[in-house]
Structures are given as C-alpha cells and as structure tokens.
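# Coordinates in review
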Amino acid sequence: RKAVRTQERNALLFDARTNRDDILWSLEGPTGAVVTSRRFDRSDSADFAASPVLPLAAGTYTLTVDGSGDAAGEYAFALLDLSGATDFALDTDVSGRLDPGSETDVYRFTASARDRLEFAMVSESRNSAHWRLVHPFGGTVFGPSDFADAGVYTMPFDGDYYLLIEGRRSEGTALDYRFRVNDATRDN
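Everything quoted here is computed from the prediction, not taken from an experiment.

## Re the overall build of the protein chain
Looking only at helices and strands, one finds zero helices and 16 strands in the protein chain. Its C-alpha radius of gyration of 17 Å places the protein chain within 12% of the 16 Å reference for a compact globule of 188 residues. Buried residues in the protein chain amount to 45% of all 188 residues. Sequence-distant contacts, at least 24 apart, represent 76% of the contacts inside the protein chain between residues at least 6 apart. Side-chain charges in the protein chain split into 20 positive and 30 negative, and the spacing between the mean points of these groups amounts to 2 Å.

Structural data, given as structure tokens:
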C-alpha cells in the first residue's frame, strides 16, 4: 500500500511497467474507489481503450497492489502527474526516448476550441509505441493508436492538451521517437 496525497485537484496517470496479468492495482480516495482491481497488463497503452488519466480531487488516496490468487513477485509502475508534462511548441519536431520501452512520456500544449491540428509521426525505432491525445477534461480525443500519422483533429475545448507516447507493456528495449503537431487551422 502506498499513500498519495494531493493538495489540490490533480490529474495522475498510472504507468504500468510490468507485463503481468496476475498483478492488480486499486486506488481509493476521499469519495471511495477510483480504480478497483485493474490488471497491470490492461492499464495503459494499446491495452486500455479508455482515458488512463485519473482526475483526482484534493485528499489522501491509497494505492494498493495485490496478486490475483496466490500470485507474487516483482512489478514496476510509475505515477505520473500531468502537471509535470513536457511543454512543446506546435510546428516543430519533438524527439524523445522511452527507456524502458514500456514507459509513457507525457507532453503538453495549449489549444483553443475549434483549432485544427495535424498529428504526424516522423520516426520510431522499434515500431511498438502508441499515442493518444487527452483533452483538458481528461477524455480522449484520439487513441490509443499505433504511432503513425494520426491525421487532423479539431480540438473540442480551450485549454491544455496532453499527448501520451506509450510503450507497450511487453517492450523492455528502449525506443526513440520523433513527432510533429502542425497547426492545420490556417489551411482552411
């Protein structure tokens, strides 16, 4: 068990770094269960279709990791606070590295409602990463999808957007990637 305390409203992401179906995690807070017995291998990347962002009110939370049945052994995860995301500018190449290859990198940019943005993959060294775009209220705009050109999307809200570059749970080898988000609004 691990206690997590939030001073104000936070958005966290559980980044599973273990490829195990017999290790589960749960999160409880001031209003009750936030997540109940979610498998590590079904917590993020292509294996979790819903938004993995956990919008949390201020308070104390308890994260519990447990084995299914008699399962025991090693596991790894990270709790990523979206307030620590890496900011980037539109219309520029952004390079990064997932090391280990199962981790998630979080990027942030600001957009206005009705902005049209093109999401382009420039390169990826292992052909195993996925990406998804999360809007300011924690829902998904696109993804998870293979790390390939995602196309043009119209932003639904004003505010900060989070681009998640997610390694597959089974990927132990580091991978390098590069992407670009272009402002396509001016093309109309």
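## Thoughts on the side chain of Asp41
Structurally, the position occupied by Asp41 is in the loop between strand 4 (32–39) and strand 5 (53–56). Setting aside anything within four residues of it in sequence, one finds Asp41 in contact with Asn19, Arg20, Asp21, Asp47 and Arg169.

## Looking at the packing of aromatic side chains
Applying the stated criterion to the full structure yields 23 aromatic pairs. A ring pair is formed by Phe40 and Phe77, whose centres lie 6.2 Å apart and whose planes are at 80°; its orientation type is edge-to-face. Linking Phe40 in the loop between strand 4 and strand 5 with Phe77 in strand 7 (residues 77–81), this pair joins segments that are 37 residues apart in sequence. Residue Phe77 is classed as partly exposed on the basis of its relative accessible area, which comes to 25%.

## Observations regarding the nonpolar core
Core analysis: the biggest nonpolar cluster contains 21 residues, and Phe109, Phe119, Leu163, Ile165 and Phe179 have the highest contact counts within it. When near neighbours in sequence (up to four residues on either side) are disregarded, Phe119 contacts Phe109, Trp131, Leu133, Phe142, Asp149, Ala150, Gly151, Tyr153, Met155, Leu163, Arg180 and Val181. In terms of nonpolar packing, the next biggest core, distinct from the first, is built from twelve residues, Ile23, Leu27, Leu54 and Tyr61 among them.

## Quick look at the pairing of strand 9 (residues 93–98)
Only one face of strand 9 is buried, namely the one carrying Val94, Gly96 and Leu98, since none of Asp93, Ser95 and Arg97 on the opposite face is buried. Sheet topology note: the strand 9/strand 16 (residues 175–183) ladder contains six bridges and is antiparallel. Directly across from Asp93, in strand 16, lies its bridge partner Arg180.

Rules of the game
Position numbers for residues count from 1 along each chain, tracking the sequence in the order it is written. Local features are withheld for residues below a pLDDT of 70 in this predicted model, meaning they are given only at 70 or higher, and side-chain atom pairs are given and counted only at 80 or more; totals for whole chains, interfaces and linings count all residues. Computation of side-chain values covers all heavy atoms of the structure but excludes hydrogens and water. Secondary structure elements are defined from DSSP: runs of H or I of at least 4 residues count as helices, runs of E of at least 2 residues count as strands, and each element is numbered from the N terminus. We take the radius of gyration over the C-alpha atoms and set the globule estimate at 2.2 Å times the residue count to the 0.38 power. Relative accessible area decides the class of each residue, using a 1.4 Å probe on protein chains only: under 20% of the type maximum gives buried, over 50% gives exposed, and in between gives partly exposed. Contacts between residues were defined by any pair of non-hydrogen atoms, one from each residue, lying within 4.5 Å. Charge counting treats Lys and Arg as positive and Asp and Glu as negative, with His and both chain ends excluded. To locate a charge, take NZ of a lysine, CZ of an arginine, CG of an aspartate or CD of a glutamate. Ring geometry is summarised as follows: Phe, Tyr and Trp rings, the Trp one being its six-membered ring, pair when their centres sit within 6.5 Å, and such pairs are stacked at plane angles under 30 degrees, edge-to-face over 60 and tilted between the two. Think of a nonpolar core as a cluster: buried Ala, Val, Leu, Ile, Met, Phe, Trp, Tyr and Cys residues, connected wherever their side-chain atoms sit within 4.5 Å. Between any two strands, at least two bridges found by DSSP are needed for them to pair.

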